[in-house]
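Coordinate inspection notes
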Amino acid sequence: MKVLLRELKKWSAPATVLLSLYIPPGRPVSDVVNMLRQEASISQNIKLKRTRDAVESAITTAIDRLVPITKVPENGLVLFCGQNFDTDEFKCYMFSPPEKVTIYFYRTDKQFHTEFLEDMVEVSEVYGLLIVERDQGTIGVLRGSRIEVLEEMEGYVPGKHMMGGQSQRRIDRIIEELYHEFLKSFGEKVNSYLLPILESGRLKGILLGGPGYAKKEFYDSDYIDYRLKKLVLLPLVDLGYQGEVGLREMVMKSKDLLRNQKYVEVEDLIEELKFHLAKDDGLVVYGKDEISKAMQMGAVDSLLIFDDGNVENEKIMQEAERYGTKVYLVGEEIPEAEWVRKTFNGAVGKLRFKI
Amino acid sequence: MSQKPHLNLIVIGHVDHGKSTLVGRLLMERGFLDEKTIKEAEEAAKKLGKESEKYAFLLDKLKEERERGVTINLTFMKFETKKYFFTIIDAPGHRDFVKNMITGASQADAAILAVSARKGEFESGMSIEGQTREHIILAKTMGLNQVIVAITKMDVAEPPYDQKRFNEVKDTIEKFMKSFGFDMSKVKFIPVVSITGENVTKRSENMKWYTGPTLEEALDMLEIPPKPVDKPLRLPIQEVYSISGVGTVPVGRVESGVMKVGDKIVFMPAGKAAEVRSIETHHTKLDKAEPGDNIGFNVRGIDKKDVKRGDVVGHATNPPTVADEFTARIIVVWHPTALAVGYTPVLHVHTASIACRVSEIVARLDPKTGKEAEKNPQFIKQGESAIVKFKPIKPLCVEKFSDFPPLGRFAMRDMGKTVGVGVINDVKPSKVEIK
Ligand SMILES: Nc1nc2c(ncn2[C@@H]2O[C@H](COP(=O)(O)OP(=O)(O)OP(=O)(O)O)[C@@H](O)[C@H]2O)c(=O)[nH]1
Ligand SMILES: [Mg+2]
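Residues numbered from 1 in each chain as written. Chains lettered and ligands numbered in written order. Predicted model: local features only at pLDDT ≥ 70, side-chain atom pairs only at ≥ 80, totals over all residues. Heavy atoms only, no water.

The subject of this paragraph is the coordination of the magnesium ion (ligand 2). All names here are of chain B. Every protein donor of the magnesium ion (ligand 2) is listed here as Ser 20 (OG) and Thr 71 (OG1), and their distances to the metal cover 2.0 Å. Linking Ser 20 in helix H1 (residues 19-29) with Thr 71 in the loop between helix H4 (63-68) and strand E2 (75-80), this pair joins segments that are 51 residues apart in sequence. As far as burial versus exposure is concerned, Ser 20 and Thr 71 are alike and both buried. (Donors = N, O, S within 2.8 Å, 3.2 Å for Na, K, Ca; no water. Helix = DSSP H or I, 4+ residues; strand = E, 2+ residues; numbered from the N terminus. Buried < 20%, exposed > 50% of the residue type's maximum accessible area, 1.4 Å probe, protein only.)

In structure tokens:
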């Protein structure tokens, strides 16, 4: 992967002829092909014949590669196609990356857009996320700005409905046994998911939470590998829910332990934006012209941009760099992605002062 | 089973305010616990050096509950008064287990709210994070209009048995409940001491100033809610047991319609069809179950993996609706910033708790007139009311409130707090194949 990245980065062209395409899982291939066909017909308007031909062949090759595929694989698909003007060499790479593609991105440019792949290679820090209670558990990971649920488990430990009467003690014992059996099998699942990440040297820490005391019991007894246990960050987190919602809550409740994690910074920024919007104190800016004007005044502290390959956003990003504005580029992995996209046309910023 | 009319009664309130102790005392005084159970609880309490907690131990049976002195799971018990046959549900008060409390509340017809009069305890229950406050909101949301407020631990009020403290607690609770739409003429306040049984079944010698009914008398003043027997069957699942030799036994309360032995039913959202083999309540066999009946039933053709809490049973001829998306009128009761599209709280509808994404804010409503104030607002904030579309992130059964009220109202929770409540106006069904 790293080798491929280096190779791709070497490519550059004098005109916008290099095609980059990221397809997240779940996207129908036919939609993508239709989009490419449209792009192909638009490219007919390019005046320079050499450029026109190069773009056209990049797009048609991409279409040829995609058509036989019935379904986008679990981690999505990435395509890079184009002609090297120096050597006249034509290449097309298509592969499913090691981690999930979360954005839908298409562009023809003077270089290949490898930044989203670099993210996958570079974000080496992974946090394990575990929620456990008497009869349920969730295993997940935090990588960059993404929270992923790896497994949700159910233990079928009975409550107290059918109890009472003669066999109380026997039932109590059975329930306690089932409960510990559940913790044991949850621990085994945790090992199977997290040990490989640990062994690759990328597991930075583990958050452990859940309602009540099961998490403490799970932590105190040796249900997980000792090397994983050493990585559990304290305090354990009190939580009400399992699943993705529980994982998000756990990460936000532990944000002091997770400083500099993109996920936490983005979530904090979104909450701050909502806070200022609700207070209507004029500290939120959106609209391409308004953002640009505010940046030139040095007034924009941070900017949230939904990356859909929109060229306008690219411009804003370059400008941001000049004026010392922090930029967070987000994709569909953020729950509020659609809000940022629809309500603010893909870009919204927090101001340092009212203007 | 008793021929008396049946009521489901839940006991709610902030952690440690004396819910389990009150239920234990009530059942013991009325002779609804056998010798063996009482002895077992006494011995266990003694062994842990917690003799004062023996009444709570009658209900808190899990090892973890006894060691920590905290209720975790719902406990269902039966008992009778002069007039009624009750299924009493002891709920946990600890904030991490609010989800269990809501499941219980969704299955109840009436509630006892236990509020401690002890200095500091009452105050923390009514603080912004407190569960006295949260349980009141949730009880109302889940359709509980009949509430008896038991003001507990009067023996350790300052000074003990103080009428002024009773009034202070009563007034605060009364004001708060009123603001959430309770009809206060139906709500009774009773000062009790559970460990001595004062004003539980017999009058207190220490609180002669109180002339109202005892808790037991107040229970007989509750009303039986109407039974929608003519509507299609809807039975949300509260728990599933797998009993060796018996098979899979889902447990829940019939909300509408009638279920008979031999009926062809379906479990939604899975779309699993099955046949009812037997119906039971409190270890008594029934031929049919009606609205309000809390039952376990044995089914042919179902594995325990096919059913879970939050599923809804209906007849194969009129299966419960699985929502692809639904529209609701919500009120934001608490939120530090604002809610926008993409926000994904946990929704508690009947016994289900599923995260649902706000896919559209259709309109903000004028709080006074209820009319549309702004179309597609950017966000909504605390105190505001809005029409919102939700997309469940996992399959979920809901119905229009106008068709099936118990399946059409919900609470929204996030970051350990209740952020809002809502009522479903419209459901876009998703197609589910019956297997
Ligand atoms: N002095 C006094 N103590 C009481 C009374 N009622 C309960 N307690 C004590 O208060 C503590 C908590 O009682 P529980 O009945 O376990 O409280 P709970 O509301 O069921 O608690 P959770 O289920 O965990 O929310 C125990 O130590 C009881 O002995 C009372 O009337 N007077
Ligand atoms: Mg209790």
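Next comes the rest of the write-up.
What follows is about the domain arrangement of chain B. Residue and element names in this part refer to chain B. We note that the domain assignment places domain 1 (6-221), domain 2 (234-315) and domain 3 (322-429) within chain B. Between the C-alpha centres of domain 2 and domain 3 the distance comes to 29 Å. Residue-level contacts link eleven residues of domain 2 with eleven residues of domain 3. Buried surface at the junction of domain 2 and domain 3, summed over both partners, amounts to about 870 Å²; 75% is from carbon and sulfur atoms. Viewed at the interface, domain 3 and domain 2 are joined by one salt bridge. Taken together, the connections running from domain 2 to domain 3 amount to three residue pairs in polar contact (both at pLDDT 80 or more). At three residues, strand E7 (residues 235-243) tops the list of elements feeding residues into the side of domain 2 that touches domain 3. Within the side of domain 2 that touches domain 3, the residues separate by chemical class into five nonpolar, three polar and three charged. (Domains from an automatic or database assignment. Contact = heavy atoms within 4.5 Å. Buried area = accessible area lost by both parts, 1.4 Å probe. Salt bridge = Lys/Arg side-chain N within 4 Å of Asp/Glu carboxyl O. Polar contact = N/O pair within 3.5 Å; in protein donor to acceptor, adjacent residues only side chain to side chain. Nonpolar A, V, L, I, M, F, W, Y, C, P; charged D, E, K, R; others polar.)

Next up on the list: the interface of chain B and chain A. Contacts between the two partners involve 52 residues from chain B and, on the opposite side, 44 residues from chain A. Taken together, both faces of the contact between chain B and chain A bury some 4,400 Å²; the carbon and sulfur share is 55%. When residues of chain B are sorted by the area they lose upon contact with chain A, Glu64(B), Gln378(B) and Met415(B) head the list and together hold 14% of the total. Put simply, chain B and chain A have four salt bridges between them.

A separate point is the site of ligand 1. Residues and elements named next belong to chain B. Ligand 1 sits among 19 residues. The nearest are Lys 19, Ser 20, Thr 21, Thr 71 and Asp 155. In this structure, an oxygen atom belonging to ligand 1 sits 2.4 Å away from a side-chain N or O atom of Thr 21. Ser 52 places a polar main-chain atom, nitrogen or oxygen, 3.4 Å from an oxygen atom of ligand 1. Expressed as a share of its isolated accessible area of 660 Å², the protein-covered part of ligand 1 is 91%. Broken down by element, the residue count for the shell around ligand 1 peaks at three residues, all from H1. Looking at the shell around ligand 1, its residues break down into six nonpolar, eight polar and five charged. (Near = heavy atom within 4 Å. Areas by Shrake-Rupley, 256 points an atom, 1.4 Å probe, with all protein chains shown as cover.)

Each neighbour pair has its own omega, and for Leu234(A) with Pro235(A) the value is 5 degrees, a cis peptide bond. Structurally, Pro235(A) can be placed in the loop between helix H7 (226-231) and strand E9 (237-238). In the segment running from Met268(B) into Pro269(B), the intervening peptide bond is cis, with an omega of 10 degrees. Within the element layout of this structure, Pro269(B) appears in the loop between strand E10 (264-268) and strand E11 (272-281). Positive phi, normally seen in glycine, also occurs at Asp16(B), with a value near 70 degrees. Turning to its location among the elements, Asp16(B) is positioned in the loop between strand E1 (6-12) and H1.

Counting residues in each nonpolar core, the largest one holds 46 residues, and the members touching the most others are Leu304(A), Phe326(B), Ile330(B), Phe390(B) and Phe410(B). It is helix H9 (residues 262-279) of chain A that provides the largest number of residues to this core, a total of six residues. If sequence neighbours within four positions are ignored, Phe390(B) has contacts with Glu325(B), Phe326(B), Ala328(B), Ile330(B), Leu347(B), Cys356(B), Arg357(B), Val358(B), Ser359(B), Phe410(B) and Met412(B). The next biggest cluster of nonpolar side chains, apart from the first, holds 42 residues, and it includes Val98(B), Met126(B), Ala157(B) and Phe189(B). (Core = buried A, V, L, I, M, F, W, Y, C linked by side-chain atoms within 4.5 Å.)

Residue and element names in this part refer to chain A. Ordered in space as E3-E2-E1-E4, the four strands form an open sheet in which the pairing is antiparallel. Only two strands of the sheet have a single partner each, and these edge strands are strand E3 (90-95) and strand E4 (105-109). Across the sheet, the axes of successive neighbouring strands diverge by a mean angle of 5 degrees, strand direction being ignored. Contacts from helix H2 (residues 29-42) reach strand E1 (18-23) and E4, with the element oriented near 160 degrees to E1. (Pairing = 2+ DSSP bridges. Axes fitted to C-alpha atoms, helices over the stretch in contact; angles between N-to-C directions.)

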